[in-house]
Each structure stands twice: as structure tokens, then as C-alpha cells.
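Inside the fold
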Amino acid sequence: METRVIFQSEDHIDTNVIKEAGKLIRAGELVAFPTETVYGLGGDALNAFSSAKIYAAKGRPSDNPLIVHICRFEDIYRICSEVPETAVRLARAYWPGPLTMILPKADCVPKETTGGLDTVAVRFPSHPVAQAFIEAAGDFVAAPSANASGRPSPTLAKYVLEDMDGKIPLIIDGGPVGIGVESTIIDLTQEEPMLLRPGYITREMLAQTLGEIDQDQTMMESNPTGRPKAPGMRYRHYAPKGQLTLVSGEARKVASYINEQCRLAHVEGHKTGALCTWENLALYHADEIDSIKCIGSRASQESIARELYRALRECDDEGLEVIYAESFSEEGLGQAVMNRLLKAAGHQMVEF
Ligand code: AMP
Ligand code: MG
């Protein structure tokens, strides 16, 4: 199958392109599209065969449920059998936006879409191209991130093409995404709301709307005793092909450790890399490290979220085998950044 890539600016949406993309979804095909978080791989959420195609294209385990994307709040009542008042409050505060809510599913949502569960994940994205596309597609688009399973989520259309070329007919290229990490997931099916995956909508922000909320205890742990409540969080995720280690502590100590480790790995014949922030860039020795990558500024957690997956993909493109990264505070958006980094590193961390 030939995969076409068509550019769509947020400011001038070409209705013909969106109509064509919608038609493909209605015909049971898959289309990748931009959202404010990362690129999604979309299919008709109410068509079991489309969901099966998504799992096949990604190589995703079929017990890892998909997120259903909607383009107006009211549509939540068509795919959820119950919508608690907490969901309405959260929607008022953060929709459209990077927040996914887990709710009891209505009968029309096939189990193929929900990975066999009786609950469904729902999100109303804010990206104008995503909204137009969802409407053209018939209002309910099931979409996980548009990467091959296990690879970092795509933040640029070229990364979608890398993973999906020949597997899907169309990629809508909306340029670089704004946020760069996947949506926050909150489970509203239990007595107490529970954070299952940290994202741009932080725990602190959710607490402002709902009061103090629980979080899945397995979320930031290296050897979780329980099973993560979001099935997708069980899998090795977001990972570069090389071996990644996080290093935390005072900036100079971190940098000199990374310089030394990279020098040693280089002597052993490995290609090395360091992921660092602008503030500390000058501390790293270009003659000891094959590739030094800046992943944003410590002054802006947003910049780090936006750059992270691109940097991890570039590590693969450059064939880096031994990679070290600075580590970050888990406050605010830092929790999402550290959750992804810890997973990418298989929780390998050196602390000073
Ligand atoms: P992705 O879109 O690739 O980020 O994957 C969707 C994420 O949502 C995965 O981590 C899933 O496990 C999670 N998810 C989707 N539906 C549910 C659900 N019904 N209950 C819990 N987690 C879910
Ligand atoms: Mg994903």
C-alpha cells in the first residue's frame, strides 16, 4: 500500500483533504493525524475490524485498549453508559485538551476497541485539524499514538512515516506537535478518581477541580508490586534502541559522571550519547561523547516535554548504543517527563 502524506495547516484546513480522510475511516481504513499531544493512528472506534487493523499496524498487544477521540462534549453520552459529575467538571475545566477519562462503556463500543474491558477511554482533543477530521470520520475515532509498538510516540509526521510507511493509506501532516507527551489519563469508574498516566494536565491541576486525587501506585515505581491500571503502562514503552541511564544530582557531578562513562564506553567501542538541558550544555565534553543532544531548558518544563521523543528517536537514527540523560523534578509537568524517561530507561538511574 502506498502511504500518502498531506500537509494541513491549523489555520487553513482544506475541507477536501479532511473529507477524503473521513471517507477512508468510514470505509474501515486507518489515517494518522496530528493532535496537540502526539500523532494518533486513527480508525473507526465503533468498527471492530478497524480497531483490529490498528493493533496489526502498530504491532500492539490486543489487550492494550485504544483511546476514543470525540469532537464535541455531548458525544460522550453516546459511548459511555454513565457520565459522573466529576467527568462533567473535568470536561468544563480541561476539554478540549490533553486529558483522557476512563468511563463505563456503552454497548455500541466494541470490545476490540477497549482491549476487552467494559470501560472506555475518551478524549476531546483541542487540535483544530484533529477536530475536523474526527467529525468527518463519523464522530468517534479510536487512536493510540501513531508509532510502532515500543517506539517513542511520534511528534512529527516524518516519524509516523518511518513507522507506518506501506501500512496505512494516509498521514495528515500538521507540523510539529505542541505538547509532545501523551494525554493525562484519569480513571473515573471507581469511588475515588485515580490518575493512571501523568501528562500535560498535571496532578496538581486535577486536584484543583476534584480535590486531592489518588494515583496509580505503579506509575513511577521501578519494581511495581501491583499491575498498572492502564494496561498500556505495563509494556516497555517509549524506548530508544540503545541502553539509556538517567543521572540525577548536582549538575556538575552529573555531567562529569556522564563525560567519564561515555569516554569509557567509547573505549569499549560503543557509540555514546548524552541528553542534557541548555543550562548545562557547556559542562559536557564533545570530545568524549559522540552525540550531545539538548532536550530543552530547565526554565521551561514544556520545552522538555516537547523535545523528549524527538531526541530519543534521533538516538536510534544515529545508532547510539549507550545513552545518558539528565533527570528532572517530578513536580507539575515534570512528573510526565520523568514517567516517560524512567520507562525509556527501564528505571536505570544513578543518583549523586
Ligand atoms: P496510547 O494512545 O498509545 O497512549 O495508549 C492508550 C493508553 O490508554 C494506554 O496506556 C491504555 O492502556 C490506556 N487506556 C485505554 N483505555 C483504557 C481503559 N479502559 N482503562 C484503562 N486504561 C486505558
Ligand atoms: Mg502509545
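Residues numbered from 1 in each chain as written. Chains lettered and ligands numbered in written order. Predicted model: local features only at pLDDT ≥ 70, side-chain atom pairs only at ≥ 80, totals over all residues. Heavy atoms only, no water.

Thoughts on the overall build of the protein chain
Helices and strands together make up the secondary structure of the protein chain, namely ten helices and 16 strands. Expected size for 352 residues packed as a compact globule is a radius of gyration near 20 Å; at 20 Å, the protein chain falls within 12% of this value. Within the protein chain, the fraction of its 352 residues that count as buried is 59%. For the protein chain, contacts bridging at least 24 residues in sequence account for 68% of all contacts bridging at least 6. Of the accessible surface of the protein chain, which amounts to about 14,400 Å², a share of 49% is contributed by carbon and sulfur atoms. On the protein chain, the mean spot of the 35 positive side-chain charges and the mean spot of the 49 negative ones are 3 Å from each other. (Helix = DSSP H or I, 4+ residues; strand = E, 2+ residues; numbered from the N terminus. Rg over C-alpha atoms; globule rule 2.2 N^0.38 Å. Buried < 20%, exposed > 50% of the residue type's maximum accessible area, 1.4 Å probe, protein only. Contact = heavy atoms within 4.5 Å. Areas by Shrake-Rupley, 256 points an atom, 1.4 Å probe, with all protein chains shown as cover. Lys, Arg positive; Asp, Glu negative; His and termini not counted. Charge placed at Lys NZ, Arg CZ, Asp CG, Glu CD.)

As for the pairing of strand β15 (residues 322-326)
Buried residues dominate β15, accounting for five of its five residues. On β15, burial covers both faces: V322, Y324 and E326 on one face and I323 and A325 on the other are all buried. Taken together, the five bridges between strand β12 (residues 243-248) and β15 define a ladder with parallel strand orientation. Paired with Q243 across the two strands is V322, which belongs to β15. When strand β13 (residues 272-276) meets β15, the two strands line up parallel, connected through four bridges. Looking across to β15, one finds that G273 is bridged to I323. (Pairing = 2+ DSSP bridges.)

What to know about the sheet that holds strand β5 (residues 99-104)
The sheet built from eleven strands is open, its strands ordered β1-β8-β2-β3-β7-β4-β6-β5-β9-β10-β11 with mixed pairing. Both outer strands of the open sheet, β1 (4-7) and β11 (214-215), are each paired with one neighbouring strand and no more. Looking at chain direction, strand β2 (residues 31-33) and strand β3 (residues 40-44) are connected through three bridges and run antiparallel. Within β3, the residue paired with F33 across the bridge is G40. Contacts from helix α1 (residues 15-26) reach β1, β2, β3 and β8 (170-173) within the one sheet, and its direction differs from that of β8 by about 140°. Its contacts with the sheet put helix α5 (residues 128-136) on β2, β4 (67-69), β7 (141-142) and β8, and the angle it makes with β2 is roughly 150°. (Axes fitted to C-alpha atoms, helices over the stretch in contact; angles between N-to-C directions.)

Comments concerning the pairing of β13
The buried fraction of β13 amounts to five of the five residues, a majority that puts the element mostly inside the structure. Here β13 shows a buried face lined by T272, A274 and C276 and a second buried face lined by G273 and L275. Here β13 pairs with strand β14 (residues 291-294) via four bridges, running parallel. In the sheet register, A274 faces β14, and the bridge partner there is I292.

Comments concerning helix α6 (residues 157-164)
Residue pairs spaced three or four apart in an α-helix point in one direction, given the helix's 3.6 residues per turn. All buried positions along α6 are accounted for by A157, Y159, V160, D163 and M164. One face of α6 carries all of its buried residues, which in axial projection span an arc of 155°. Downstream of α6 by a residue or two, G166 has a phi angle that is positive, lying close to 85°. (Arc of directions from axis to C-beta.)

A closer look at the sheet that holds β14
Strand order across the open sheet formed by five strands is β14-β13-β15-β12-β16, with parallel pairing between neighbours. Because the sheet does not close on itself, it has two edges, and the strands there are β14 and β16 (349-351). The sheet shows a mean angle of 20° between the axes of neighbouring strands, taken without regard to direction. Lying on the sheet, helix α9 (residues 301-317) is in contact with β12, β13, β14 and β15; it crosses β14 at an angle near 165°.

Some points on the site of ligand 1
The local shell around ligand 1 holds 21 residues, among which R60, T119, P144, R197 and G232 are the closest. In the environment of ligand 1, an oxygen atom lies 3.0 Å from a nitrogen or oxygen atom belonging to the side chain of R60. Separating an oxygen atom of ligand 1 from a side-chain N or O atom of R197 is a distance of 2.6 Å. Alone, ligand 1 offers 500 Å² of accessible surface; in the complex the protein occludes 96% of this. Contributions of two or more residues to the shell around ligand 1 are made by β6 (119-123) and β10 (194-197). When residues of the shell around ligand 1 are assigned to their parent elements, the largest contribution, three residues, is made by β6. Grouping the amino acids of the shell around ligand 1 by side-chain chemistry returns 13 nonpolar, four polar and four charged. (Near = heavy atom within 4 Å. Polar contact = N/O pair within 3.5 Å; in protein donor to acceptor, adjacent residues only side chain to side chain. Nonpolar A, V, L, I, M, F, W, Y, C, P; charged D, E, K, R; others polar.)

These values are about where atoms sit, not about what they do.
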